[in-house]
Amino acid sequence: LDDRGAIFCWGPNPWNYPELGYGVLDGSWQQVSVGREFSCSLDGEGQVDCWGWYNSQGQTSNAPTGTGWVEVDAGYRGACARHQDGTVECWGDDVVGAVTNTPTTSDFTMVRSARFQNCGIHDDGTVSCWGSDTWGQSSDNPGYGDFVDLDLGSDHVCALRATGRIHCWGLDNDDQVADTPNTK
């Protein structure tokens, strides 16, 4: 995404599928997010647009309509968007409830999408996760609330507290949870 609002995409595209946007998408884009063989963007009016080859679960065809969207995040086979009213809408693969279990509250300040789970931060700083819970990545989130940022791996979640400390939960097969750096 450049300072004029154009999206530039590159990488292997041996079958000329449109997930790369054919190189450059001109416009007044505000954000871009890349999933597995599909991409989503947010334009200046708050409309979500998704494109790409991989649409087996509705990743590109079931994006929310209308304006007022302020954030979009593409995951493995699905994506989520946050509206200016604080609600979240997710679409794509719902194999483990990553779509149908989306909370209906209107107090989200951030949303992230990953492999088969999604998470968001509420305006009180607490985190909610939904979807896959094989390794506790949806249910083991901390109960206190002072989180300001988060990101999701395939089977684990890490969130940044207002104090600068990092809290991670979920699969810990390579010390991605237990070996969290916390020097503050």
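Quick note: structure is the one above.
A few points on the structure. Being a predicted model, the structure only gives us computed values, none of them experimental. (Residues numbered from 1 in each chain as written. Predicted model: local features only at pLDDT ≥ 70, side-chain atom pairs only at ≥ 80, totals over all residues. Heavy atoms only, no water.)

Counting secondary structure elements, the protein chain contains zero helices and 14 strands. Helices and strands in the protein chain line up, N terminus first, as β-β-β-β-β-β-β-β-β-β-β-β-β-β. In terms of C-alpha radius of gyration, the protein chain reaches 17 Å, essentially the compact-globule figure of 16 Å for 184 residues. If one aligns the C-alpha atoms of the protein chain with their principal axes, the spans along those axes are about 40 × 35 × 35 Å. Counting every position in the protein chain, which comprises 184 residues, the buried fraction comes to 49%. Sequence separation of at least 24 residues holds for 34% of the intrachain contacts in the protein chain that already meet a minimum separation of 6. When the accessible surface of the protein chain is totalled, it reaches about 9100 Å², and 47% of it is carbon and sulfur. When the 9 positive and 27 negative side-chain charges of the protein chain are each reduced to one mean point, those points stand 5 Å apart. (Helix = DSSP H or I, 4+ residues; strand = E, 2+ residues; numbered from the N terminus. Rg over C-alpha atoms; globule rule 2.2 N^0.38 Å. Buried < 20%, exposed > 50% of the residue type's maximum accessible area, 1.4 Å probe, protein only. Contact = heavy atoms within 4.5 Å. Areas by Shrake-Rupley, 256 points an atom, 1.4 Å probe, with all protein chains shown as cover. Lys, Arg positive; Asp, Glu negative; His and termini not counted. Charge placed at Lys NZ, Arg CZ, Asp CG, Glu CD.)

Applying the stated criterion across every chain yields a total of six salt bridges. The salt bridge involving Asp 93 is made with Arg 77; its shortest N-O contact spans 2.4 Å. Within this pair, whereas Asp 93 is found in the loop between strand 8 (88-92) and strand 9 (108-113), its partner Arg 77 is found in the loop between strand 6 (69-74) and strand 7 (78-83), the two being separated by 16 residues in sequence. Of the two residues, Asp 93 and Arg 77, both sit in the buried class. (Salt bridge = Lys/Arg side-chain N within 4 Å of Asp/Glu carboxyl O.)

A few words now on the state of the cysteines. Applying the stated criterion across every chain, the model contains four disulfides. One disulfide in the model links Cys 40 with Cys 50; its S-S distance is 2.1 Å. The S-S bond linking Cys 40 to Cys 50 shows a torsion near 105°; that makes this disulfide right-handed. Of this pair, Cys 40 sits in strand 4 (residues 38-43) while Cys 50 is found in strand 5 (residues 48-52), placing the two residues 10 residues apart along the sequence. A single burial state applies to Cys 40 and to Cys 50, both of which are buried. Each disulfide pairs two cysteine sulfurs, and for Cys 80 the partner residue is Cys 90, the sulfurs being separated by 2.1 Å. Classification of the bridge connecting Cys 80 and Cys 90 rests on its S-S torsion, roughly 100°, and on that basis the disulfide is right-handed. With Cys 80 in strand 7 and Cys 90 in strand 8, this pair connects stretches of sequence that are 10 residues apart. Exposure class is identical for Cys 80 and Cys 90. Each is buried. (Disulfide = S-S within 2.5 Å.)

Time to look at empty space enclosed by the protein. One pass over the full model with this rule turns up one cavity of 30 Å³ or more. Of the voids in this model, the largest cavity is the one considered here, and its volume is about 80 Å³. Taken together, 14 residues form the lining of the largest cavity, with Gly 78, Asp 93, Ala 98, Ser 113 and Asn 118 sitting closest to its centre. Secondary structure elements with two or more residues in the lining of the largest cavity: strand 7, strand 8 and strand 10 (117-122). Across the lining of the largest cavity, the residue classes break down as seven nonpolar, four polar and three charged. (1 Å grid on protein atoms, 1.4 Å probe; cavity = no way out; pocket = protein on both sides within 12 Å on 5 of 7 lines; lining within 4 Å. Points joined across faces, edges and corners; volume = space filled by probe spheres on them. Nonpolar A, V, L, I, M, F, W, Y, C, P; charged D, E, K, R; others polar.)

Quick look at the sheet that holds strand 10 now. Read across the sheet, three strands follow the order 9-10-11 without closing on themselves; strand pairing throughout is antiparallel. Each of the sheet's edge strands pairs with one partner strand only, and the pair in question is strand 9 and strand 11 (127-131). Direction aside, the axes of adjacent strands within the sheet are offset by 20° on average. In terms of strand pairing, strand 10 meets strand 11 through five bridges, oriented antiparallel. Bridge pairing links Ile 121 to Val 127 in strand 11. (Pairing = 2+ DSSP bridges. Axes fitted to C-alpha atoms, helices over the stretch in contact; angles between N-to-C directions.)

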